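# Results of the structural survey
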Amino acid sequence: MSFLASFQWRSYRWWAGLASAVAIAWIATLVAAQPAVRDYGFSALTVAIVLGLVLGNTVFPKVAAQLAPGVDFAKGSLLRIGIVLYGFRLSLQDIAQVGWTGVLIAAIMVAATFWLAVKVGTKWLGMDRDTAMLIGAGASICGAAAVIATEPVVRAPSHKVSVAVATVVVFGTLGMFLYPAMYPLLGLTEHAYGIYVGSSVHEVAQVVAAGKAISDQAASTAVIEKMLRVMMLAPFLLILSKAESRAHAAQGTDTKSAVQIPWFAVLFIAVCGLNSLHLLPQQIVDALIAFDTLALATAMAALGLRTHVGAIKQAGMKPLVLAAILFLFLMIAAYALNRALI
């Protein structure tokens, strides 16, 4: 086979694989936009990984050899592009709307929840460190998006990422219904309730649903508080990258002692700063956000395609137990902080 023929074959496999993941993501986006699905807080990312898992364990293995290059690009490079563009959802002006109290609550909840996840997961439950960190990232920051953003830093295999995403879906959905039911008993104003929801519920879509169940004001405050947690994704990844490099160097499992900077996290901060300046027309920002949703959903679809259910089953009940502990911690600690500081 000539070099040109080889290139053409590789190019075809790459495009075919990417197109397959994009098609699943597009379908997931349409499904997630349906009122019956949207009202339950299921985002396009959640639907995409479910569809990907179904196809990945039925149809995809038969055509994996032809589609693998493009699918792997989607769950790798395209994922990083999606995280960078996620910055267009945020602006530094968001801080002013909830005040420094909201920032402090968000920072405490992110740090404490992730620390608890690693300690409980590895010391008490005997889980591997990668899975504990992925579940901790999803619970403490922004659900599935945080899980897949953390994956390149901890270098975790696909099935561990899928396990972590599954815990976000289970307990984030539970919180979406439980928080509004608890509202009459909490003794919080709509503003305080919004900060409570935003500082403790997993996914952005779930935050919106839990807030809107009370009022539009509660939903608006909840989303802003949640965006502050999302904004902490970049510094979180930078700190985690430094810690992981030191750990690998100490164990002699990494030949590079220098910190491996996740440049997509740095670019994420830069995009947040750019968006804060309001230099781009809103139509362009909206288009970039729509593309970003599709890019992240494509990465989730590709992740699902590359995950075997058998690998998830091997994880057992420990990930769900850890996620349940974190869920209870988020509910109790965030409530205590809100009552103490607001």
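Structure: see above.
Residues numbered from 1 in each chain as written. Predicted model: local features only at pLDDT ≥ 70, side-chain atom pairs only at ≥ 80, totals over all residues. Heavy atoms only, no water.

What follows covers the overall build of the chain. Regarding its fold elements, the chain presents 17 helices and zero strands. Relative to the compact-globule value of 20 Å for 342 residues, the chain shows a C-alpha radius of gyration of 20 Å, a close match. C-alpha atoms of the chain, sized along the principal axes, occupy 70 × 50 × 40 Å. Residues classed as buried in the chain amount to 52% of the 342 residues present. Across the chain, the fraction of contacts at a sequence separation of at least 24, relative to all contacts at a separation of at least 6, is 81%. Carbon and sulfur atoms provide 69% of the accessible area of the chain, an area that totals close to 15,200 Å². (Helix = DSSP H or I, 4+ residues; strand = E, 2+ residues; numbered from the N terminus. Rg over C-alpha atoms; globule rule 2.2 N^0.38 Å. Buried < 20%, exposed > 50% of the residue type's maximum accessible area, 1.4 Å probe, protein only. Contact = heavy atoms within 4.5 Å. Areas by Shrake-Rupley, 256 points an atom, 1.4 Å probe, with all protein chains shown as cover.)

Checked against the element boundaries, Ser276 lands in helix α14 (residues 263-276). A relative accessible area of 7% places Ser276 in the buried class.

For the rest of this paragraph, the subject is the pattern of salt bridges. In the structure shown here, the tally under the stated rule is six salt bridges. Linking Arg89 and Asp292 is a salt bridge whose minimum nitrogen-to-oxygen distance equals 2.9 Å. With a gap of 203 residues between them, Arg89 in the loop between α5 (77-85) and α6 (94-124) and Asp292 in helix α15 (residues 282-305) connect regions that are remote in the sequence. Taking relative accessible area as the criterion, Asp292 reaches 0% and is therefore assigned buried. Between Lys212 and Asp216 there is a salt bridge, with its nearest N and O atoms 3.4 Å apart. The class of Lys212 is exposed, set by a relative accessible area of 51%. Among the residues examined, Asp216 registers a relative accessible area of 59% and is labelled exposed. Through salt bridges that share partners, Asp128, Asp130 and Lys160 make up one connected network. (Salt bridge = Lys/Arg side-chain N within 4 Å of Asp/Glu carboxyl O.)

Taken as a whole, this structure holds seven aromatic pairs when the rule is applied. Seen from their ring centres, Phe171 and Phe327 are 5.7 Å apart, and the 40° between their planes marks the pair as tilted. With Phe171 in helix α9 (residues 158-186) and Phe327 in helix α17 (residues 318-341), the pair connects residues that are 156 residues apart, well separated along the chain. Members of the aromatic cluster, joined through ring pairs, are Trp14, Trp15 and Phe73. (Phe/Tyr/Trp six-rings, centres within 6.5 Å; stacked < 30°, edge-to-face > 60°.)

Relative to the assigned elements, Ser200 resides in the loop between α10 (190-198) and α11 (204-212). Taking relative accessible area as the criterion, Ser200 reaches 2% and is therefore assigned buried. Reaching out from Ser200, the side chain makes a polar contact with the side chain of Tyr179 at a distance of 2.9 Å. Side-chain polar atoms of Ser200 contact the backbone oxygen of Tyr196, separated by 2.6 Å. Each residue touching Ser200, except ones within four places of it in the same chain, is listed here: Tyr179, Arg229, Leu330 and Ala334. (Polar contact = N/O pair within 3.5 Å; in protein donor to acceptor, adjacent residues only side chain to side chain.)

Attention now goes to helix α4 (residues 60-75). Given a rise of 1.5 Å per residue, 16 residues ought to cover 22 Å, yet the end C-alpha atoms of α4 are separated by just 15 Å, more than 12% below that figure. The sharpest bend along α4 comes to roughly 80°, located at Gln66, with the proline Pro69 sitting one to four residues further on. Where α4 is concerned, the buried positions are Phe60, Ala64, Leu67, Ala68, Gly70, Val71 and Ala74. (Expected span 1.5 Å × (residues − 1). Bend = angle between axes of the 7 residues up to and from the residue.)

With that settled, consider the environment of Leu92. Note that Leu92 resides in the loop between α5 and α6. Along the primary structure Leu92 and Phe268 are separated by 176 residues, whereas in three dimensions their C-alpha atoms are 13 Å apart. If we skip the residues at most four places from it in the chain, Leu92 touches Met231 and Ser276.

On to the packing of α4 against α15, then. Working note: a packed helix pair is described by the angle between its axes plus the distance between those axes. Following both chains from N to C, one finds α4 and α15 inclined at 140°, their axes separated by 10 Å at the closest point. Viewed along their axes, α4 and α15 form a crossing whose handedness is left-handed. Along the contact surface, α4 presents Phe60, Val71, Ala74 and Lys75, while α15 presents Thr298, Ala299, Ala302, Leu303 and Leu305. Residue classes in the contact of α4 with α15 are distributed as seven nonpolar, one polar and one charged. (Axes fitted to C-alpha atoms, helices over the stretch in contact; angles between N-to-C directions. Left-handed = near helix turned anticlockwise from the far one by under 90°. Nonpolar A, V, L, I, M, F, W, Y, C, P; charged D, E, K, R; others polar.)

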